Every structure is written in C-alpha cells, then in structure tokens.
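Analysis of the macromolecular model
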Amino acid sequence: MSEAVEQTRYKLVLNLVLVGVFLASALSILRRYLIQPLQHIHRVLSSLDARGPLPDLSSAPMAEIHAVEEAIVRFHATLRENEDVRLKLERLATTDGLTGLPNRRHFLGQAAEEMARALRYGRPITVGIADLDHFKQVNDRFGHAVGDHVLQSFANLVAETLRQTDRVGRYGGEEFAFIFPETTPAEALRLTGRLRQRLADTPPRLPDGSALPVTVSFGLADATGSDLEGSLAQADSALYQAKGSGRDRCVLASPDTRSVPQP
C-alpha cells in the first residue's frame, strides 16, 4: 500500500515538473515572440518623431506583430511627408519667394518682438527703410528678369553684410525694412553706410558679365522707447528726404521728424 502511495507521489511530482517546464517554455516563447516585440513597439511609438530617422524595427516572426511594425513604418513615412508639407507652407507664409528674405508680415512680427524686448530692458534700437534708386528705370531698360536679379543680389549682399542680430525683410517692391537691436542711430548710420559702400564695390552683373551700377537710399529712425508703427513712419519720412536730396545716402530722422543727411 505504501509502495503504491509512493509511486503515486512520484508521478504527481513528475507531472508537476512537466507542467512547470511546459509553463516556463510557454512563458519564454510568449515573452520572446509577443511581449518583447510589443514592448519594443511601445518604445518606438513613444519616441516616434517626424523629424527623426526611420524607426528601428526588426522583422517579427509573428505575422500579426510584423503587420503592426509595417503599419508603424508607413505611419512614420506619413508623418515625415506631413512635416515636409508643413515646413513648405511655413516658408511660403513667412518668406519672400524672390529674395529669400522674410516677407513684410513676418518681418513686422520679428520687429515687434525686438521692439518689445528693447522696451522691456531699456535698450537702444533703430529701424530703417531702404529703397533701390531708379529701380523702375532698371526694369524699363533691361527687363524684369534683370530687375529681379538686382533685388536678389541686394538681398544677398544684405545677408552677408549685416550682423546676425539684425533683422531685414522685403517691405514691398524695391523697398527693404531693417531693425537693428542694441544699436544707436549713429551705429546704424555706420552699418548702412558700409552696406551702401559694398553695393558700390560689388554691383550686380548683367547676363553679358558687365556690371550694373546700383545705388540705395536709407531712412533711419531711433525707435528706442517708441512704437513700431511710428518709428517706421519716421524712417519712411527720412527715406523720402534721402530721395529728395540726391539719393545714394542715409538720412536719420530727428525726434522732431526733421532729418540730418549723411553724404
């Protein structure tokens, strides 16, 4: 009787061991082929970025998991396409298509931020408006393609000459608007004078390789403690005086709106 009980006990232990081995094997297979791939998918989805690289997804042996991984890859590609479209639309909304400079609306937004910062910390700031002299004659004589080339050349020259903190945008037609943070009117006069000199030294080139002399007139206004709209109006008035006093010069608007020309 005791021998039969002992054999039954051994069989029970053996069955328990076999069940344990089966469960351990099943859990190991479940972990390897289901839980770990799902955990990896969760990490990929948590860090998925349209601007990042393609997710690192190894091909899972289970068809269902593999289908999820392929869906993630397609979803990432869609995110990348949407991000590219968003960036293109943003560039179209903020950038002048001809010169690559900020357009009028975007420049005014940048200028408003700089004006608010200068007012908050009591720092100097100067605004300016530039106009290419006799630009209509360039278009009439050489055609609009050459006129566009002149605008592009001037925009490139501005980008190369001004400081990283300065802001410039195409204000309309052949007019360009500037804002010079942390800059007094005297310093802005020197900066714009240097830009005028560089334009004189490196004039745009015509298709036949010949140089096309172009000059520019500037109107500047001290915007320290002032509002943007009023400061730009003063700069525009100073530009009008620069045009009326011979062109190819910088004119600084004084506080009472009178201007002092710089030859």
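The paragraphs below set out a description of the structure included in this document.

**Looking at the overall build of the protein chain**
- Tallying secondary structure elements over the protein chain gives seven helices and six strands in all.
- Ordered by position in the sequence, the α and β elements of the protein chain form the string α-α-α-β-α-α-β-β-α-β-α-β-β.
- Per-residue burial over the protein chain gives 37% buried out of 263 residues.
- Sequence-distant contacts, at least 24 apart, represent 62% of the contacts inside the protein chain between residues at least 6 apart.
- A total accessible area of about 16000 Å² is found for the protein chain, and carbon and sulfur atoms account for 57% of it.

**As for helix 3 (residues 104-121)**
- End to end, helix 3 covers 26 Å across 18 residues, agreeing with the expected 26 Å (1.5 Å per residue, within 8%).
- All buried positions along helix 3 are accounted for by Phe107, Gln110, Ala111, Glu114, Met115 and Ala118. Down the axis of helix 3, the sector holding all buried residues measures 140°, keeping them to one side. Residues of helix 3 that are exposed and point over 90 degrees away from its buried face: Arg105, Glu113, Leu119 and Arg120.
- Following helix 3 by one or two positions, Gly122 has its phi on the positive side, about 65°.

**Description of the packing of helix 4 (residues 135-142) against helix 5 (residues 144-161)**
- Two elements in contact, helix 4 and helix 5, have axes whose closest approach is 7 Å; the angle formed by their N-to-C orientations is 140°. When the interaxial angle is binned, helix 4 and helix 5 end up oblique. Across the interface between the two elements, Phe135, Val138, Asn139 and Phe142 of helix 4 pack against His144, Val146, Gly147, Val150 and Leu151 of helix 5.
- Classifying every residue of the contact of helix 4 with helix 5 gives six nonpolar, three polar and no charged.

**Description of the nonpolar core**
- Counting residues in each nonpolar core, the largest one holds 30 residues, and the members touching the most others are Leu132, Val150, Phe154 and Phe178.
- Residue assignment for this core shows that the elements contributing at least two residues are strand 1 (125-132), helix 4, helix 5, strand 3 (175-181), helix 6 (185-201), strand 4 (216-222) and strand 5 (250-253).
- Among the elements that take part in this core, helix 5 stands out by supplying seven residues, more than any other.

Cut-offs used in this document
Residues numbered from 1 in each chain as written. Predicted model: local features only at pLDDT ≥ 70, side-chain atom pairs only at ≥ 80, totals over all residues. Heavy atoms only, no water. Helix = DSSP H or I, 4+ residues; strand = E, 2+ residues; numbered from the N terminus. Buried < 20%, exposed > 50% of the residue type's maximum accessible area, 1.4 Å probe, protein only. Contact = heavy atoms within 4.5 Å. Areas by Shrake-Rupley, 256 points an atom, 1.4 Å probe, with all protein chains shown as cover. Expected span 1.5 Å × (residues − 1). Arc of directions from axis to C-beta. Axes fitted to C-alpha atoms, helices over the stretch in contact; angles between N-to-C directions. Parallel < 35°, antiparallel > 145°, perpendicular 65-115°, else oblique. Nonpolar A, V, L, I, M, F, W, Y, C, P; charged D, E, K, R; others polar. Core = buried A, V, L, I, M, F, W, Y, C linked by side-chain atoms within 4.5 Å.

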